[in-house]
Amino acid sequence: MNTLSGRRTRVLAAITLTAGLTLVAACTSSGDGGSGSKTASGGVELVKAGQLTTCTHLPYPPFQSEIDGKVQGFDVSLIDLVAADLGVKQAIVDTPFENFKTGAFLNSEQCDLAAAGMTITEERKKNVDFSDPYFNATQGVLVDKKSGITSLADVKAKGKKLGAQAQTTGEDYAKQQGFDPVSFESSDAVLSGLRSGQVQAVVIDYPVVQGWLKDKANADAFKVVDNVSTGEQYGFTVKKGNTKLLAAINKAIADAKADGTYKKLYEKWIGPYDAAAASASPSAS
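Please read all numbers here as calculations on a predicted model, not as lab measurements. (Residues numbered from 1 in each chain as written. Predicted model: local features only at pLDDT ≥ 70, side-chain atom pairs only at ≥ 80, totals over all residues. Heavy atoms only, no water.)

Participant: Please give an account of the overall build of the protein chain that cites residues and values.
Facilitator: Scanning the protein chain from N- to C-terminus turns up 13 helices and 13 strands. Each of the 285 residues in the protein chain was classed as buried or not, and the buried ones make up 52%. In the protein chain, 74% of the contacts between residues at least 6 apart in sequence involve partners at least 24 apart. For the protein chain, the accessible area works out to roughly 11700 Å², and carbon and sulfur atoms hold 50% of it. (Helix = DSSP H or I, 4+ residues; strand = E, 2+ residues; numbered from the N terminus. Buried < 20%, exposed > 50% of the residue type's maximum accessible area, 1.4 Å probe, protein only. Contact = heavy atoms within 4.5 Å. Areas by Shrake-Rupley, 256 points an atom, 1.4 Å probe, with all protein chains shown as cover.)

Participant: An account of the sheet that holds strand β9 (residues 162-165) is needed here, citing residue identities and associated values.
Facilitator: Reading across the sheet, the five strands line up as β10-β9-β11-β8-β12 and stay open at both edges, with mixed pairing between neighbours. Of all strands in the sheet, those with a lone pairing partner are β10 (182-184) and β12 (222-234), marking the two edges. When strand polarity is set aside, the average angle formed by the axes of neighbouring strands in this sheet is 25°. (Pairing = 2+ DSSP bridges. Axes fitted to C-alpha atoms, helices over the stretch in contact; angles between N-to-C directions.)

Participant: Could you give an account of the nonpolar core, naming the residues involved and the relevant values?
Facilitator: Core analysis: the biggest nonpolar cluster contains 47 residues, and Leu52, Phe74, Leu86, Leu113, Phe135, Trp212 and Phe236 have the highest contact counts within it. Here the element with the most residues in this core is helix α11 (residues 243-259); it accounts for seven residues. The contact partners of Phe236, leaving out residues within four places of it in the chain, are Asp75, Leu78, Ile79, Leu113, Ala114, Ala115, Asp129, Phe130, Ser131, Tyr134, Ile249 and Ile253. Counting residues in each nonpolar core, the second largest holds 14 residues, with Val141, Leu162, Ala174 and Val225 among its members. (Core = buried A, V, L, I, M, F, W, Y, C linked by side-chain atoms within 4.5 Å.)

Participant: Help me get a handle on the packing of aromatic side chains, residues and values and all.
Facilitator: Applying the stated criterion across every chain, the model contains 14 aromatic pairs. Measuring from ring centre to ring centre gives 6.2 Å for Phe63 and Phe74, while their planes differ by 70°; the resulting arrangement is edge-to-face. One end of the pair, Phe63, is in the loop between β2 (51-56) and β3 (65-67); the other, Phe74, is in helix α2 (residues 74-86), with eleven residues separating them in the sequence. Taken individually, Phe63 and Phe74 each receive the classification buried, so the pair is uniform in this respect. (Phe/Tyr/Trp six-rings, centres within 6.5 Å; stacked < 30°, edge-to-face > 60°.)

Participant: Explain the packing of α2 against helix α12 (residues 261-269) to me, and be specific about the residues and the numbers.
Facilitator: Interaxial distance between α2 and α12 falls to 9 Å at its minimum, and their mutual angle equals 155°. Taken together, the axis directions place α2 and α12 in an arrangement best described as roughly antiparallel. By crossing handedness, the relation of α2 to α12 is classed as right-handed. Contacts between α2 and α12 involve Phe74, Ser77, Leu78 and Leu81 on the former and, on the latter, Thr261, Tyr262, Leu265, Tyr266 and Trp269. (Parallel < 35°, antiparallel > 145°, perpendicular 65-115°, else oblique. Left-handed = near helix turned anticlockwise from the far one by under 90°.)

Participant: Mind laying out the pattern of salt bridges, listing which residues take part and the relevant values?
Facilitator: Taken as a whole and judged by the stated rule, the model has seven salt bridges. Of the charged contacts in the structure, one is a salt bridge between Lys239 and Glu109, with a shortest N-O distance of 3.8 Å. Here Glu109 lies in the loop between α4 (104-107) and β6 (113-114) and Lys239 lies in strand β13 (residues 237-239), a separation of 130 residues in the sequence. Its salt-bridge partner being Asp154, residue Lys158 comes within 2.7 Å of it at the nearest N-O pair. Judged by relative accessible area, which is 40%, Lys158 ranks as partly exposed. (Salt bridge = Lys/Arg side-chain N within 4 Å of Asp/Glu carboxyl O.)

This is how it looks when you write it as structure tokens:
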């Protein structure tokens, strides 16, 4: 999300965050990490033997959400590839998003990496090391079909209410455009606000909008009127200086793009393949 401030951040006290950690899922198993050893393939040091522990923030479909009792999504599937290369399984921990910006749970060695549809920013780079970008994101503007809104500018012109997820680049962008958006704590709450009529339009990451519109009821009630390019790119993060794990993540991303796996996962979780969204390169971060 360019140099805009953090997205999907919940500001909570550190003591509350630590108490709130919950292991919610384990995915993809291909070994035991060396019979209890915390050293995986390639000399990657793990916080727990036999597993690659991933911090995320739920829900944020299509990147990560609980489906049929298991956390699944585009990010989850990509990190499963990393875990398989390391010869371990992936275990997912749901944490407040504020810690993704500070790297708190990475520094305390409660997680090996963070994966949460997270935008690469200069501010965050001060606290964590980012992988190569794996996704180019845009901001979608979704409106109630009955509202008569035809664009983001039309929201203001017609005096309608605009919603956004709190502490996100979507919210920042709306404010930069002169809006005073209604803030919602989660992506689910954003959609609920639109459904209930609390707001008549919302701005949020476009892949999230795509996921919502897969539901016929949503597609019947809402439509996209703008898809704004803000130069945002997603990356995974590791503790500063964890070069071996970072290299493993970058290799898995590159291999997936080269052998067609990335395209298949994109089509499964996000929708029709968009080469522009997948063209994020290391130089762009």
